[in-house]
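Here are the chains, one letter per residue:
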Amino acid sequence: MDAGANPILGRGAVSEPIVAIALGSGGARGIAHIAALEALDELGVTPAAIAGTSIGAMVGAAYAAGMSGREIRAYALGALRNRREVMGKLLRARVGRFSDLVLHGRGNPVLLDGEVCLDLFWPEAVPDFFEDLVKPLLVVATDFYDRSELVMSSGPLGPAVAGSMAIPGLIQPVAYNGRYLIDGGAVNPLPYDLLFDHADIVVGVDVTFGSRRREPRRPAPFESMFGAAQIMQGAITAQKLKMRPPDILVRPGVEQFTVLDFRRASQILRAAEPAKDELKRQLSARFEAALRD
């Protein structure tokens, strides 16, 4: 980062704090991560490292590839604008068919291949390998059979991110170096703890916090499944925060959206604007304090 070009540093800054950012899981709510990345760009802050889980890994990979937050916003809104095109891509990414379930009693007709999904939805700017990224990226997934966290930062990028996003019941487990990976949110939904050795200021963006308030009713099957995952991820994050929180915790106000509300991308980004402004304020204060010391 060029200190002379950074509006929060000013000219002549001798030293500057190193920033790293963690982008958490949360399905469509994770579109709000884009606003946090725009905040970094607008302050002229280049993170030394990015850690991402699930949707956070997908957004983080685009940013680590060199896309700006504004470019990712434009791409996401364009990619999700046409409902028919989105549905067509999802159908192409299906693992099973309805006939498999009806005629043979097996298979899941809505199960998706995560790697195919990435190929269909990812920007072309994202490379095939971690080593070709512009910024260091840590991707978190869950090793299904070892029941443990797996952090990936080298080798093939697509399988790592697809594994990090492999929500049980929606995306099939991903084969990766003799392992089978599922959603990283099962073990580390907000992986800011991986960044303390990389930066002076660690930012965590949590999009699992909070839920919609409504009249009690019996949850639908998918709602129950994804809701249970959100509850679990929120509980894990709450325990981590008690042990050691990030230096800056950002919680965009996206609790009214579900994990599958991708069609509401523009609304999610609007809802994230106050959190974006708060992140800019907190980062500016941290940098100004560092300059005074």
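In case you missed it, the structure is sitting above this.
The text that follows walks through the structure, step by step, so that each part is easy to find.

Reading the values: rules and limits
- Residues numbered from 1 in each chain as written.
- Predicted model: local features only at pLDDT ≥ 70, side-chain atom pairs only at ≥ 80, totals over all residues.
- Heavy atoms only, no water.
- Salt bridge = Lys/Arg side-chain N within 4 Å of Asp/Glu carboxyl O.
- Helix = DSSP H or I, 4+ residues; strand = E, 2+ residues; numbered from the N terminus.
- Buried < 20%, exposed > 50% of the residue type's maximum accessible area, 1.4 Å probe, protein only.
- Pairing = 2+ DSSP bridges.
- Right-handed = clockwise from strand over helix to strand, strands pointing away.
- Phe/Tyr/Trp six-rings, centres within 6.5 Å; stacked < 30°, edge-to-face > 60°.
- Lys NZ or Arg CZ within 6 Å of the ring centre and 35° of its normal.

A look at the pattern of salt bridges
- Applying the stated criterion across every chain, the model contains twelve salt bridges.
- With a closest N to O distance of 2.7 Å, Glu 38 and Arg 73 form a salt bridge. One end of the pair, Glu 38, is in helix H1 (residues 33-43); the other, Arg 73, is in helix H3 (residues 69-79), and 35 residues separate them in sequence.
- Overall, the relative accessible area of 5% leaves Glu 38 in the buried class.
- Through salt bridges with shared partners, a single ionic network connects Glu 38, Glu 42, Arg 73, Glu 273, Lys 276 and Lys 280.

Focus on the pairing of strand E1 (residues 19-23)
- The buried count for E1 comes to five of five residues, which makes it a mostly enclosed element.
- Of the two faces of E1, the one carrying Val 19, Ile 21 and Leu 23 and the one carrying Ala 20 and Ala 22 are both buried.
- In this structure, E1 lies alongside strand E7 (residues 201-205), joined through five bridges in parallel fashion. Across the sheet, Ile 21 pairs through a bridge with Val 203, a residue of E7.
- Both E1 and strand E2 (residues 49-53) contribute to a ladder of four bridges, which runs parallel. Its bridge partner being in E2, Ile 21 is matched across the sheet by Ile 50.
- In terms of handedness, the path from E1 via H1 over to E2 forms a crossover that is right-handed.

Some remarks on the packing of aromatic side chains
- Throughout the structure, instances matching the rule amount to three aromatic pairs.
- Plain terms: the ring middles of Phe 144 and Tyr 145 are 5.1 Å apart, the flat faces sit at 90° to each other, and that makes the pair edge-to-face.
- For Phe 144, a relative accessible area of 33% translates into the label partly exposed.
- Centre to centre, the rings of Tyr 145 and Tyr 180 are 6.5 Å apart; their planes meet at 80°, and the pair counts as edge-to-face. You can see Tyr 145 sitting in the loop between strand E3 (137-143) and strand E4 (148-152) and its partner Tyr 180 sitting in strand E6 (residues 179-182), a full 35 residues away along the chain.
- On the accessibility criterion, Tyr 145 (61% relative accessible area) is exposed.
- What makes Tyr 180 partly exposed here is its relative accessible area of 42%.
- Seen from the ring of Tyr 63, Lys 135 lies directly overhead, with NZ or CZ sitting 4.4 Å from the centre.
- We note Arg 147 situated over the ring of Phe 144; from NZ or CZ to the ring centre the distance is 4.7 Å.

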